[in-house]
Amino acid sequence: MSRIELKAVRKDFGNLGVINGVDLDILDGGFTVFVGPSGCGKSTLLRLIAGLEDLTSGQVLIDGRDVTELGPAQRELAMVFQSYALYPHMSVRNNIGFPLKMAKQPEDMIEAKVRKAAETLNLTAYLDRRPGQLSGGQRQRVAIGRAIVREPKAFLFDEPLSNLDAALRVQMRLEIMQLHKSLGATMVYVTHDQVEAMTMADRIVVLNQGRIEQVGSPLELYDHPKTLFVAGFIGSPKMNFISGSVAARYGAATIGIRPEHIQLGASDGGFTGTIRIAEHLGSDTFIHAESPELGSITVRATGNIEASPGTALALGFEASRVHRFDAQGVALK
Amino acid sequence: MARQTSPQRKLIVTLIAWTIGILMFWPILWTILTSFKTEQDAVLMPQLFSTGWTFENFGIVQERSDYLRFAMNSIILAFGSTLLGLVFAIPAAWSMAFSPSKRTKDTLLWMLSTKMMPPVGALLPIYLIFKDYHWIDQHIPVLVIMFMLNLPLVIWMLFTYFKEIPVDILEASRMDGAGVWQELTRVLAPMALPGIASTFLLNVILAWNEAFWTLKLTDVHAAPLTVFIASYSSPEGLFWAKLSAASTMAIAPILILGWFSQKQLVRGLTFGAVK
Amino acid sequence: MATRHSQGIARLAVAPAVIVLFLWMIVPLVMTIYFSFLRYNLLNPDMDGWAGFSNFYYFITDESFPGAVFNTLALVATVIVASVAGGLGLALLLDQPFWGRGIVRLLVISPFFIMPTVSALVWKNLLMNPIYGLFAFLQQLVGITPLDWFAKVPLLSVAIIASWQWLPFSALIILTALQSLDEEQKDASAMDGARALSYFRYIVLPHLARPITVVILIETIFLLNIFAEIYVTSVGGLAGNLTYLVYFQGLLNFDIGEASAGGLIAVVLANLVSIFLVRIIGRNLEI
Ligand SMILES: Nc1ncnc2c1ncn2[C@@H]1O[C@H](COP(=O)(O)OP(=O)(O)O)[C@@H](O)[C@H]1O
Ligand SMILES: [Mg+2]
């Protein structure tokens, strides 16, 4: 259980700046998620914390202690890799016990801890199998088991669920959150999936091109995105962006309105449109429409509503839900 | 193809394939059979099998040319040079596979190009150096030459094997608290063992059959089986059964090793250019 | 995996191999170049001093030189044509399902494991001997006068032996490539209505282009330097190649200067080939 601080962290690969000055305070016991599009530097940032890469400049502090020059083995962090990175030649028991063995703990203690972790993760029946004989979900659990046995200062996860199918992903998501509650440990979790970020995080760090765009709770990011990038990245379906004369009416270069904040059939402040296509999800209906004033626009309506292509629509914005941005893409308040 | 083949077709293919297989293998089979014949039988032609099987050829060959000494030298040179090669190649391949730098590709290709240097380009200096230092027919210097000869191949084979081991796993071990030594011995080595073993096997075979430098640089004392056989190149009376016995003794160990490692051969010899 | 610490250890770990190979490549080559410009004969210690290009001149104008060049190239060409064509046929055959595939595969691959001195002597005596050899017997059986292989067609004889040794190599590599041909590709082309022949023409052959190129280049490198087969069958005088000629000048005539010049010519020849080979391999190499 520890606090991790990053101070002016930079990382270049050759002359490509991948992390361009990151200052961040990762709170003790929190569940922090790094989210951003693929290639924005999330893994690199996590690996800098882990000690698997050298910093080009800046500092990493764990519990106030400067660990910038320490190797991964000395930082007492645990990491769960996207590929799980299990040792193929060792049984599940030895995989989970490996960090304890490296820490030279006595055999009986290792055995006890491995048993306990296996029970927590429902792996007891598989202790003598090799990773090759396990399903994806079980491998994932072994990787987590290997991380929890040594009671690390913090857990680092690099897209741990991206190799699982959709149903299993939801289940493992819950298990990891439960684990976080029961251990009360600091967890840093990397994902490119904003749904995962929104559901799991106490705090989300949105990264873009090696810089932090915004840090905040899921709802803060949803309600008050500080930049166009964050506004577009968080929320699904994506926020609608409108510029030109309509935006000027709001005194902004660009305005954003989420699909769920557009009302159908409202006549005041109204815009018009024609339905192009509708997606019926049962609980919701996503309507993609073409509007002469707004251009292409997506509307999210609750329930399963009638919406055949070509039908004319009247659209209205919830005034308090309109986000305004200046020409630089920064939110106006 | 996943389609079912008809039994007739399969039968015909079986016949053709076996015929060709036996024809290809015939010189070897013929040699082995002849080694058990008497010298008189050996030159009697349609005679596939001998009238009286005999093991005496092997005894004569051992007595006449001291087979066991040559065999021992072959073992020393082939295994020794390969082991020495591994000592140099394992760290090099590990480094290039897991911590590549900008120059790694060039280094690898350059190493390969040294293998393509024709031996006659180096023959005279090496021969003169060996003569000056009285190294000719000495085990260690010859072993060192064979080691350098095969080093590029050993590095390449190991490199292609190491490349298949995910870096993640090594990094995981570092996160788990393993130092460099533990990473190498507890994680990398067990995973790389099959690759190291087949590299070892293939290079033993190549070194065993090396017949340029061994013919020039050895004579009696350190000479391997390639030289032993070469001493049968001038006929003396009826000697085919003995030649066959000597040949059988020279090739048997390596033929068997070769059968075990044939799958790895492709990879090793094409430097990964054919998967 | 890229911390300064691990990078440092990594650089240190390649160093020994790089140093050894550098010495192995550069020292003999520099010495060979040096010798090739010297008047240097072990039998004639009085001869010394610079020779200019005369060693090259003597080597090239030696009456055996044109023959040696011809033999070198002819040997490479014959063996490659034979082993690639044969290897392709063999690979296509072995790729079919039949009983005992594993064993036939072992039989076919076996010649590759036989040391060159053994294959040369076995072929020369047991098979190609004009009186007692198996071929002579078969020729008599069909009423042809037995051929005295090594006296009448020495180069062809060596080529036959070398082809037998190299056929397994090309067959095995082409077979591996055939088997790596994607099953889905086979099915897709079947769906597209490709007949066996056009399947071979448009899918299989292009897929084999690279492995065959690699086979050709690797065999060229080895065959340019073929020596043991010529040496132990004693046909060096009749069918000697460049390698043999260098050996002959250097270690039999003890003319180090001229032999070194010959060695350099062989190096240049081999480099012409290896440049292509290294290019091809480099293109496929992912670091
Ligand atoms: N070892 C490396 N060498 C060079 N470039 C790298 C290396 N690792 C990552 N990069 C580059 O850094 C950028 C960020 O990579 P990464 O952190 O893996 O992104 P993410 O995890 O957000 O998808 C990418 O453009 C990637 O190509
Ligand atoms: Mg990543």
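Up top is the structure.
Notes on the structure in this doc start here. This one's a predicted model, so the numbers in the text were calculated from it and none came from an experiment. (Residues numbered from 1 in each chain as written. Chains lettered and ligands numbered in written order. Predicted model: local features only at pLDDT ≥ 70, side-chain atom pairs only at ≥ 80, totals over all residues. Heavy atoms only, no water.)

### A closer look at the site of ligand 1
All names here are of chain A.
Alright, step 1. In the vicinity of ligand 1, the residues found are Phe 13, Val 18, Ser 38, Gly 39, Cys 40, Gly 41, Lys 42, Ser 43 and Thr 44.
Alright, step 2. Here an oxygen atom of ligand 1 sits 2.6 Å away from a polar atom, N or O, in the main chain of Gly 39.
Alright, step 3. Here an oxygen atom of ligand 1 sits 2.9 Å away from a polar atom, N or O, in the main chain of Lys 42.
Alright, step 4. When the free accessible area of ligand 1 is taken as 560 Å², the share hidden by the protein chains comes to 58%.
Alright, step 5. For the shell around ligand 1, the element with the most residues is helix 1 (residues 42-50), which contributes three residues. (Near = heavy atom within 4 Å. Polar contact = N/O pair within 3.5 Å; in protein donor to acceptor, adjacent residues only side chain to side chain. Areas by Shrake-Rupley, 256 points an atom, 1.4 Å probe, with all protein chains shown as cover. Helix = DSSP H or I, 4+ residues; strand = E, 2+ residues; numbered from the N terminus.)

### Remarks on the pairing of strand 9 (residues 203-208) of chain A
Consecutive side chains of a regular strand alternate in pointing toward one face of the sheet and then the other.
All names here are of chain A.
Alright, step 1. Along strand 9, five of the six residues are buried, which leaves the element largely enclosed by surrounding structure.
Alright, step 2. Here four bridges tie strand 3 (residues 31-35) to strand 9, and the two strands are oriented parallel to one another. Bridging from a neighbouring strand, Phe 34 pairs with Val 205 of strand 9.
Alright, step 3. Here strand 9 runs beside strand 10 (residues 211-216); their pairing, made up of five bridges, is antiparallel. When the sheet's bridge partners are listed, Val 205 is paired in strand 10 with Val 215.
Alright, step 4. Between strand 9 and the antiparallel strand that follows it, strand 10, lie two residues; Gln 209 among them carries a positive phi value of about 50°. (Buried < 20%, exposed > 50% of the residue type's maximum accessible area, 1.4 Å probe, protein only. Pairing = 2+ DSSP bridges.)

### With respect to unusual backbone geometry
Alright, step 1. Residues Ser 236 of chain A and Pro 237 of chain A are joined by a peptide bond in cis, for which omega reads -5°.
Alright, step 2. One non-glycine residue, Asn 122 of chain A, lies in positive phi territory at about 60°.
Alright, step 3. Asn 122 of chain A sits in the exposed class, given a relative accessible area of 60%.
Alright, step 4. The phi angle at Asp 137 of chain B is positive, at roughly 70°, despite the residue not being glycine.
Alright, step 5. On the accessibility criterion, Asp 137 of chain B (10% relative accessible area) is buried.

### A closer look at the interface of chain A and chain C
Alright, step 1. The interface of chain A with chain C comprises seven residues on the first partner and five residues on the second.
Alright, step 2. Buried area between chain A and chain C, summed over both chains or domains, comes out near 430 Å², and the portion from carbon and sulfur atoms is 25%.
Alright, step 3. Summed over the three residues of chain A that lose the most area to chain C, namely Leu 52, Glu 53 and Asp 54 of chain A, the buried surface amounts to 64% of that side.
Alright, step 4. If you look at where chain A meets chain C, you find zero salt bridges.
Alright, step 5. Of the residues contributing to the side of chain A that touches chain C, the split by class is two nonpolar, one polar and four charged. (Contact = heavy atoms within 4.5 Å. Buried area = accessible area lost by both parts, 1.4 Å probe. Salt bridge = Lys/Arg side-chain N within 4 Å of Asp/Glu carboxyl O. Nonpolar A, V, L, I, M, F, W, Y, C, P; charged D, E, K, R; others polar.)

### Re the environment of Gly 177 of chain B
Alright, step 1. When you line up the elements, Gly 177 of chain B lands in the loop between helix 8 (167-175) and helix 9 (180-208).
Alright, step 2. Note on Gly 177 of chain B: relative accessible area 23%, which makes it partly exposed.
Alright, step 3. For the pair Gly 177 of chain B and Phe 36 of chain B, spaced 141 residues apart in the sequence, the C-alpha separation amounts to 61 Å.
Alright, step 4. The residues contacting Gly 177 of chain B, other than those within four sequence positions of it, are Ala 73 and Met 102 of chain A together with Gln 182 of chain B.

### Notes on the sheet that holds strand 7 (residues 154-158) of chain A
Residue and element names in this part refer to chain A.
Alright, step 1. If you walk across this open sheet you meet the six strands as 6-7-8-3-9-10, and the pairing is mixed. Edge positions in the sheet fall to strand 6 (77-80) and strand 10, since each of these pairs with one other strand and no more. Averaged over all adjacent pairs, the angle separating strand axes in this sheet is 20°, with direction ignored.
Alright, step 2. Sheet analysis places strand 3 next to strand 8 (residues 186-191), joined by five bridges and oriented parallel. Across the sheet, the residue bridging to Val 35 is Thr 191, located in strand 8.
Alright, step 3. The strands touched by helix 1 are strand 3, strand 6, strand 7, strand 8 and strand 9; relative to strand 7, the strand with the most contacts, the crossing angle is about 150°.
Alright, step 4. Those strands touched by helix 5 (residues 166-183) are strand 3, strand 7 and strand 8, and its axis lies near 160° from that of strand 8. (Axes fitted to C-alpha atoms, helices over the stretch in contact; angles between N-to-C directions.)

### Some thoughts on the environment of Lys 11 of chain A
Residues and elements named next belong to chain A.
Alright, step 1. Structurally, Lys 11 can be placed in strand 1 (residues 4-13).
Alright, step 2. Looking at Lys 11, the relative accessible area reads 7%, which means it is buried.
Alright, step 3. In this structure the C-alpha to C-alpha distance between Lys 11 and Ser 57, which are 46 residues apart in sequence, comes to 6.9 Å.
Alright, step 4. If we ignore the near neighbours within four places in the chain, the residues touching Lys 11 are Leu 16, Gly 17, Val 18, Ile 19, Thr 44, Leu 48, Glu 53, Asp 54 and Thr 56.

### Quick word on the interface of chain B and chain C
Alright, step 1. Listed by partner, the interface residues are 111 residues for chain B and 100 residues for chain C.
Alright, step 2. Roughly 9600 Å² of surface becomes buried between chain B and chain C when both sides are summed, with 80% attributable to carbon and sulfur atoms.
Alright, step 3. Looking at the side of chain B facing chain C, the largest losses of area belong to Met 24, Met 116 and Leu 124 of chain B, adding up to 7% of the total buried there.
Alright, step 4. Linking chain B with chain C are zero salt bridges, by the criterion used here.
Alright, step 5. Broken down by element, the residue count for the side of chain B that touches chain C peaks at 20 residues, all from helix 1 (residues 7-35) of chain B.

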